[in-house]
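Spelled out, the chains give:
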Amino acid sequence: MNNTSINNNSSKQESSSVTVYPNGRRYYIFLVAYLVGLSAFGSFVNDMYLPSLPEMTRYFGCSVSTVQLGLTMGMIGLGLGQLILGPVSDKYGRKPVLIGAMIVFMIGAVASVFSPTIHFFLGCRLVQGLGASGGYFLARTIPADIYQGRPLAKMMALIGAINGFAPASAPVLGGLVSQDHGWKAVFWILAGLAAFLLCVAIPLKESLKPDRRFKGKLLDAFGEYPALLKNKRFMIHVTLKGTALGLLFAYCSSAPFIMQTHFGWSQLHFGLFMGFNALFIAIGAMIAVKFKILKQAASLGGILLFIATAVQVAVLFLIDDFWAYELMMLPILFSLGMIFTVGNTLAMNEGRDNAGGASAVLGLAGYVFGATVAPLVGLGNIMHSTAIVFAVMATLILLSSYASSRLSPDPNMLKK
């Protein structure tokens, strides 16, 4: 996009290691809190109803793999929605897209409560994903509108770390709600959460000023994608984040059936275990930003994750012990937290001149992998199918982290 010039003085400030506050420190705190809410919303859309999957299998009288397609449809919606809304937000600004997306989600969430069949529910999940995609990709896009270099890394890591409590709290809350009120109550709460985010958005300032927006026709704005896909540095980090998110979704879609159906834990216990485990994602996210060269965190995370996953595969095939399974998930999730921070930050730093499109590609990659693995872990023996998917995704992550390590570091990303 040729009309996204950045003020030189602003660029100097943004590339320094000191965080500046263009709209004041108070607004910075509000912005971080709101972006955490947007990012957490994407986690709640999938994670909050995870404890309900076994119940929904019985309710709709369908197979495990079929009900897991609800996760797949949600991820397809999240991916396609970002792909469409990225250029739209580059043309018209971030806030109008946010408002429209939240309204679409609320429609999909309320409609899903009245689903007569699993197929109708799956359609509603697609609509929910399309709506939730707006907030989810804007949580990455808005920081890239304002910052670059190390300040961008700090903000992304802060959002990622605090947001680690979203996947921690979502299954717990979902387990409590569904255990007492059934799976439908979960979607009423999600609709209410979207309405809350819509109301709180009133003081949110537009981060993409008119002089930085795409000036051509809307269809021409989609032409930014080929240039992004040809950007080697950008695509390496997109692949890194995408494969890592794929492994996370493999874990999320298999865990309810491993913990509840196979090992016999209740929905509440499942939520508590998922919540505790998710904290390790937050810890990994915060530690990653401490590295002087940020991509070194991905290299270390990729190696640690590969080793831990190899042990987990052996556990799933040979040991059949819950506590061994639970213990090995902790270093895996810690490593994913490190990789998420690196992948998000470096990809958005490379694509910040087309931030809407860059965020869309980044998000789509994750959901392509996620939508693929979600039903695969439910085929046959779930312990064995999960182990195989884990092994494949860990190998892809290791290869992507190695490719990242071969790139020269961006001087703006060095810790000073």
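Here the structure is a predicted model, which means the values were calculated and not measured. (Residues numbered from 1 in each chain as written. Predicted model: local features only at pLDDT ≥ 70, side-chain atom pairs only at ≥ 80, totals over all residues. Heavy atoms only, no water.)

Undergrad: I would appreciate a short explanation of the overall build of the protein chain in the present structure.
TA: The helix and strand inventory of the protein chain stands at 17 helices and 0 strands. Residue burial in the protein chain is summarised as follows: out of 416 residues, 61% are buried. Taking the contacts inside the protein chain whose residues are at least 6 apart along the sequence as the reference set, 86% of them involve residues at least 24 apart. Accessible surface computed for the protein chain: about 15500 Å², of which carbon and sulfur atoms make up 70%. (Helix = DSSP H or I, 4+ residues; strand = E, 2+ residues; numbered from the N terminus. Buried < 20%, exposed > 50% of the residue type's maximum accessible area, 1.4 Å probe, protein only. Contact = heavy atoms within 4.5 Å. Areas by Shrake-Rupley, 256 points an atom, 1.4 Å probe, with all protein chains shown as cover.)

Undergrad: Is there a simple way to explain unusual backbone geometry in this structure?
TA: Note on backbone geometry: most residues besides glycine have negative phi, and most peptide bonds are trans. Phi at Asp320 takes a positive value of approximately 55°, unusual for a residue other than glycine. You can see Asp320 is positioned in the loop between helix 14 (295-319) and helix 15 (322-350). Residue classification places Asp320 among the partly exposed positions, given a relative accessible area of 43%.

Undergrad: Sorry, what's going on with the packing of helix 3 (residues 53-60) against helix 12 (residues 232-262) here?
TA: Helices that pack against each other are described as a pair by the angle of their axes relative to one another and the distance between those axes. Interaxial distance between helix 3 and helix 12 falls to 9 Å at its minimum, and their mutual angle equals 80°. The angle between helix 3 and helix 12 falls in the class roughly perpendicular. Within the contact between the two elements, helix 3 uses Leu53, Pro54 and Thr57 and helix 12 uses Pro256, Phe257, Gln260 and Thr261. Classifying every residue of the contact of helix 3 with helix 12 gives 4 nonpolar, 3 polar and no charged. (Axes fitted to C-alpha atoms, helices over the stretch in contact; angles between N-to-C directions. Parallel < 35°, antiparallel > 145°, perpendicular 65-115°, else oblique. Nonpolar A, V, L, I, M, F, W, Y, C, P; charged D, E, K, R; others polar.)

Undergrad: So what exactly am I meant to see when it comes to the pattern of salt bridges here?
TA: This model, assessed by the stated rule, comprises 3 salt bridges. As a salt-bridge pair, Arg94 and Asp90 come within 2.8 Å of each other at their nearest N and O atoms. An identical accessibility class is assigned to Arg94 and Asp90; each is buried. Among the ionic pairs, Asp145 bridges to Arg94, the shortest N-O distance being 2.8 Å. Highlighted residues: Asp145 in helix 6 (residues 118-146) and Arg94 in helix 5 (residues 94-113), separated in sequence by 51 residues. In this pair, the class of Asp145 matches that of Arg94, namely buried. A network of salt bridges, in which partner residues are shared, links Asp90, Arg94 and Asp145. (Salt bridge = Lys/Arg side-chain N within 4 Å of Asp/Glu carboxyl O.)

Undergrad: So what exactly am I meant to see when it comes to the confidence of the model for the protein chain here?
TA: Do not read the fine detail of predicted coordinates wherever pLDDT is low. Counting all residues, the mean pLDDT for the protein chain is 82, and 89% of those residues have values of 70 or more. Here residues 1-18 scores under 50 on pLDDT; set against residues more than four positions off or in separate chains, the count is 36 contacts. (pLDDT = per-residue confidence, 0-100.)

Undergrad: Teacher, can you tell me more about helix 5 here?
TA: In an α-helix, one turn spans 3.6 residues, which is why side chains three or four residues apart end up on the same side. A rise of 1.5 Å per residue sets the reference length of helix 5, with its 20 residues, at 28 Å; its end C-alpha atoms lie 30 Å apart and thus fit the reference within 8%. Listing the buried residues of helix 5 in full gives Arg94, Val97, Leu98, Ala101, Met102, Phe105, Met106, Gly108, Ala109, Ser112 and Val113. On the buried face of helix 5, the contacting elements are helix 2 (25-47), helix 4 (64-92), helix 6, helix 9 (183-200) and helix 16 (355-376). (Expected span 1.5 Å × (residues − 1).)

Undergrad: How should I be thinking about helix 4 in this particular structure?
TA: Along its 29 residues, helix 4 runs 42 Å from first to last C-alpha, staying within 8% of the 42 Å computed at 1.5 Å per residue. Residue Leu85 marks the point of greatest curvature in helix 4, where the axis turns by about 30°; the proline Pro87 follows within four residues. At the exit of helix 4 stands Gly93, carrying a positive phi of roughly 105°. (Bend = angle between axes of the 7 residues up to and from the residue.)

Undergrad: What is the right way to read the nonpolar core from this model?
TA: Side chains of nonpolar character tend, in soluble globular proteins, to be buried together. Core analysis: the biggest nonpolar cluster contains 125 residues, and Phe121, Leu248, Tyr251, Met259, Tyr325 and Leu336 have the highest contact counts within it. Looking at which element gives the most residues to this core, the answer is helix 15, with 16 residues. Non-local contacts of Leu248, meaning those with residues more than four positions away in its chain, are made with Ile281, Leu333, Leu336 and Phe340. (Core = buried A, V, L, I, M, F, W, Y, C linked by side-chain atoms within 4.5 Å.)

Undergrad: Would you mind going over the packing of aromatic side chains with me for this structure?
TA: Remark: the centre distance and the inter-plane angle together describe each pair of aromatic rings, the angle taken between the planes. Going through the model one piece at a time under the given rule, you end up with 23 aromatic pairs. When the ring of Trp265 is compared with that of Phe273, the centres are 5.0 Å apart and the planes differ by 75°; the resulting orientation is edge-to-face. Classification of Phe273 as buried rests on a relative accessible area of 13%. The interplanar angle of 75° and the centroid separation of 5.0 Å between the aromatic rings of Phe322 and Trp323 together place this pair among those described as edge-to-face. Judged by relative accessible area, which is 51%, Trp323 ranks as exposed. Three or more aromatic residues joined by ring pairs make a cluster, and in this case those are Tyr49, Tyr59, Phe60, Phe121, Trp183 and Phe187. Just above the ring of Tyr27 sits the side chain of Lys205; from NZ or CZ to the centre is 5.4 Å. (Phe/Tyr/Trp six-rings, centres within 6.5 Å; stacked < 30°, edge-to-face > 60°. Lys NZ or Arg CZ within 6 Å of the ring centre and 35° of its normal.)

Undergrad: For this particular structure, what's the right way to read the side chain of Arg94?
TA: Residue Arg94 is classed as buried on the basis of its relative accessible area of 2%. In terms of polar contacts, Arg94 uses its side chain to reach the side chain of Asp145, at 2.8 Å. Excluding residues that lie within four positions of it along the chain, Arg94 makes contacts with Gly86, Ser89, Leu138, Thr141, Ile142, Asp145, Glu206, Ser207, Leu208, Ala355 and Gly356. (Polar contact = N/O pair within 3.5 Å; in protein donor to acceptor, adjacent residues only side chain to side chain.)

Undergrad: Before we go on, may I ask you to explain a nonpolar patch on the surface in this structure?
TA: Nonpolar side chains collect at one region of the surface, where Phe317, Leu318, Ile319, Ile388, Val392, Leu396 and Leu399 lie side by side and expose about 670 Å² of accessible area between them. Of all the secondary structure elements, the ones that give two or more residues to the nonpolar patch are helix 14 and helix 17 (382-405). Considering every element that reaches the nonpolar patch, the biggest residue donor is helix 17, with 4 residues. Mapping Phe317 onto the fold places it in helix 14. (Patch = residues over 30% accessible without salt bridge, like charges linked within 9 Å, V, L, I, M, F, W, Y side chains within 5 Å.)

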